[in-house]
Amino acid sequence: MTPPHTCTQEGRFDRVESVLDEIRDAIRQITDLMVSSARVDEQIKALHQLVSTLSVRLTDLETRVRPLESTNSIAQWIERVVLSLVSGAIVYFATKGG
């Protein structure tokens, strides 16, 4: 005849195995989360590098465009002054000649 405490020990072993299975599942989930976190971290690093590259390129573009904008602005003012002088001359000769 088996001693009565054997059943309780088997029950305890079953519970321990069940807890161990839960721990294994939790460890697998943690491992999956760590892998996902590493992927996100790599994507963030790549995005940060892209933003840095774009920032440098934008600064370079702004440096090249700024002189062109001031040149265009000066050219527009010169055009306006010349147009005003020509218009004034036309009006002057039209009224003086008539």
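In this report, the structure presented in the accompanying data block is examined. (Residues numbered from 1 in each chain as written. Predicted model: local features only at pLDDT ≥ 70, side-chain atom pairs only at ≥ 80, totals over all residues. Heavy atoms only, no water.)

Some words on the overall build of the protein
Next, step 1: Of regular secondary structure, the protein possesses 1 helix and 0 strands.
Next, step 2: Its C-alpha radius of gyration of 41 Å places the protein more than 25% over the 13 Å reference for a compact globule of 98 residues.
Next, step 3: Every one of the 98 residues in the protein was classed for burial, and the buried ones make up 0%.
Next, step 4: Entry remark: accessible area of the protein is about 9200 Å², with carbon and sulfur atoms responsible for 65%.
Next, step 5: Treating the 11 positive side-chain charges of the protein as one cloud and the 13 negative ones as another, the clouds have centres 13 Å apart. (Helix = DSSP H or I, 4+ residues; strand = E, 2+ residues; numbered from the N terminus. Rg over C-alpha atoms; globule rule 2.2 N^0.38 Å. Buried < 20%, exposed > 50% of the residue type's maximum accessible area, 1.4 Å probe, protein only. Areas by Shrake-Rupley, 256 points an atom, 1.4 Å probe, with all protein chains shown as cover. Lys, Arg positive; Asp, Glu negative; His and termini not counted. Charge placed at Lys NZ, Arg CZ, Asp CG, Glu CD.)

Side note on the packing of aromatic side chains
Next, step 1: Enumeration over the complete set of coordinates arrives at 1 aromatic pair.
Next, step 2: Cation over ring: R80 sits above W77, and NZ or CZ is 4.9 Å from the ring centre. (Phe/Tyr/Trp six-rings, centres within 6.5 Å; stacked < 30°, edge-to-face > 60°. Lys NZ or Arg CZ within 6 Å of the ring centre and 35° of its normal.)

Looking at the pattern of salt bridges
Next, step 1: Taken as a whole, this structure holds 4 salt bridges when the rule is applied.
Next, step 2: The salt bridge partner of R28 is D25, with a shortest N-O separation of 2.8 Å. With a gap of 3 residues between them, R28 and D25 both fall in helix α1 (residues 5-97), about one helical turn apart.
Next, step 3: The class for D25 is partly exposed, based on a relative accessible area of 41%. (Salt bridge = Lys/Arg side-chain N within 4 Å of Asp/Glu carboxyl O.)

Describing the environment of K96
Next, step 1: Looking at where K96 falls in the secondary structure, it is placed in helix α1.
Next, step 2: You can call K96 exposed: its relative accessible area is 59%.
Next, step 3: Separated by 17 residues in the primary sequence, K96 and E79 have C-alpha atoms spaced 25 Å apart.

Digging into a nonpolar patch on the surface
Next, step 1: Taken together, the side chains of V16, V19, L20, I23 and I27 present a nonpolar region at the surface, about 400 Å² in accessible area.
Next, step 2: With respect to the secondary-structure elements, V16 resides in helix α1. (Patch = residues over 30% accessible without salt bridge, like charges linked within 9 Å, V, L, I, M, F, W, Y side chains within 5 Å.)

Some details on the environment of A75
Next, step 1: Secondary-structure assignment places A75 in helix α1.
Next, step 2: Its relative accessible area of 38% is what places A75 among the partly exposed residues.
Next, step 3: Considered as a pair, A75 and R15 are 60 residues apart in the sequence and their alpha carbons are 87 Å apart.

Keep in mind these numbers describe shape, not what the thing actually does.
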